[in-house]
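Architecture and fold: a report
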Amino acid sequence: MTKLNAALPASLVLVGAGRMGAAMMQGWLAMGLPAASLTILDPVPAPDLAAACADRGVRLNPPLAEIAAPDVLVLAIKPQMLDTAAPGLAPLAGPDTLILSILAGKRIADLSGRFPAAGAIVRAMPNTPAAIGRGISGVAASPAVSERQRGFAAALLGAVGQVEWLADESLIDAVTAVSGSGPAYVFLLAESLARAGEAAGLPADLALRLARATVEGSGELMRQSPDVAPATLRQNVTSPGGTTAAALSVLMADDGLDPLMRDAVAAALRRAGELSG
Ligand SMILES: NC(=O)c1ccc[n+]([C@@H]2O[C@H](COP(=O)([O-])OP(=O)(O)OC[C@H]3O[C@@H](n4cnc5c(N)ncnc54)[C@H](OP(=O)(O)O)[C@@H]3O)[C@@H](O)[C@H]2O)c1
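Since the model is a prediction, treat every value here as computed from it, not as a measurement.

Quick word on the side chain of Gln-149
Relative to the helices and strands, Gln-149 resides in helix α5 (residues 147-158). Looking at Gln-149, its side chain comes within polar contact range of the main-chain oxygen of Asp-96, at 3.4 Å. Gln-149 has contacts with Asp-96, Thr-97, Leu-98, Ala-120 and Ala-144, leaving out every residue within four places of it along the chain.

This is how it looks when you write it as structure tokens:
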């Protein structure tokens, strides 16, 4: 994680307060962003979001004409909504506005065409654990992004998890294939382990509880051992000739998990390339 000036922007407009947008908003307020500096735009806000805005004093859906160009305009709508939304939003971006986009598949060049007044664009790919403040984002910046604006992006994305700056925007597709889509691979691991437990004779509900707690606990153990390589954690629970070693001889065979995961990530990478045109 690159350490940057974590100064907060004085004004921030969030466009799209769905799962990701609402999680970010909660993270920003928890981090100390003054509610008065935040404006939310979402045509059909969820009732709990509207209540949270009223409760905290966050401006929700003021007329666009009343919004001054903010320090940061965060785009968190679905990518397919961009065509409809961008023309109305473009006048909000001034020459000093940073566009911070989490839209999957929307390149910096595409965004800069839609927000011509704003030269500074940061494109990020977060993942769903951001909803509990435990996401990780791969982040790329256009050349016009200043150190101060990098600090804004780092602080805003850092409120919902770790931030990894990328040397080149082209790496975002690979980030998408690893950490963007990755939570689904881990959930599948829990499902698959539960099914295998059932096949080994366990009642389905017990197999699911065992698999779920194993994935949760192992993830937490890894989190609490930041200086220990995953391979070492694995070796620590593998006695020579024991049961774990027997299972790992299957998972680590030449046709085991490694080639399967490589193929899966390659498929996601191809698809990310297709979707971003
Ligand atoms: N979820 C993830 O794991 C994940 C990971 C990485 C990146 N992303 C990116 O994050 C973005 C948001 O994803 P999400 O899962 O949070 O989607 P979401 O829950 O559907 O949130 C999008 C929100 O934007 C609102 N919206 C639609 N049109 C709008 C407009 N013109 N102006 C303002 N708000 C508008 C939607 O309202 P309605 O519901 O009324 O349409 C909804 O509340 C996507 O671009 C996605 O690619 C998501």
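Here the narrative resumes, following the displayed structure.
Some points on the pattern of salt bridges
Tallied over the entire structure, the rule returns nine salt bridges. Notably, a salt bridge pairs Glu-220 with Arg-223, separated by 3.3 Å at the nearest N-O pair. Of the two residues, Glu-220 and Arg-223 both sit in helix α8 (residues 204-223), three residues apart, roughly one turn of that helix. For Arg-223, a relative accessible area of 44% translates into the label partly exposed.

A word on the pairing of strand β4 (residues 72-75)
Residues Val-72 and Val-74 point to one face of β4 and Leu-73 and Leu-75 to the other, with burial holding for every one of them. Relative to β4, strand β1 (residues 12-15) runs parallel, the two being bridged by four bridges. Considered in β4, the bridge of Val-15 is made with Leu-75. Handedness of the crossover is the feature at issue here: the chain leaves β4, passes through helix α3 (residues 82-89), returns alongside strand β5 (residues 98-101), and the resulting connection is right-handed.

Re the domain arrangement of the protein chain
The domains assigned to the protein chain are domain 1 (12-172) and domain 2 (182-275). Between domain 1 and domain 2, the C-alpha centre-to-centre distance is 33 Å. On the side of domain 2, five residues touch domain 1, which itself brings six residues to the contact. Carbon and sulfur atoms supply 49% of the area that domain 1 and domain 2 bury against each other, a total of about 330 Å² over both sides. A salt bridge links Glu-220 to Arg-134; its shortest N-O distance comes to 3.8 Å. Counting across the interface, domain 1 meets domain 2 through zero residue pairs in polar contact (both at pLDDT 80 or more). Counted by class, the side of domain 1 that touches domain 2 contains one nonpolar, three polar and two charged residues.

A word on the sheet that holds strand β2 (residues 38-41)
Pairing within the open sheet is mixed, and its eight strands lie in the order β3-β2-β1-β4-β5-β6-β7-β8. Each edge of the open sheet carries a strand with a single partner, namely β3 (59-60) and β8 (161-165). The sheet contact formed by β2 and β3 spans two bridges and is parallel. What sits directly across from Thr-39, in β3, is Arg-59.

Conventions adopted
Residues numbered from 1 in each chain as written. Predicted model: local features only at pLDDT ≥ 70, side-chain atom pairs only at ≥ 80, totals over all residues. Heavy atoms only, no water. Helix = DSSP H or I, 4+ residues; strand = E, 2+ residues; numbered from the N terminus. Polar contact = N/O pair within 3.5 Å; in protein donor to acceptor, adjacent residues only side chain to side chain. Contact = heavy atoms within 4.5 Å. Salt bridge = Lys/Arg side-chain N within 4 Å of Asp/Glu carboxyl O. Buried < 20%, exposed > 50% of the residue type's maximum accessible area, 1.4 Å probe, protein only. Pairing = 2+ DSSP bridges. Right-handed = clockwise from strand over helix to strand, strands pointing away. Domains from an automatic or database assignment. Buried area = accessible area lost by both parts, 1.4 Å probe. Nonpolar A, V, L, I, M, F, W, Y, C, P; charged D, E, K, R; others polar.

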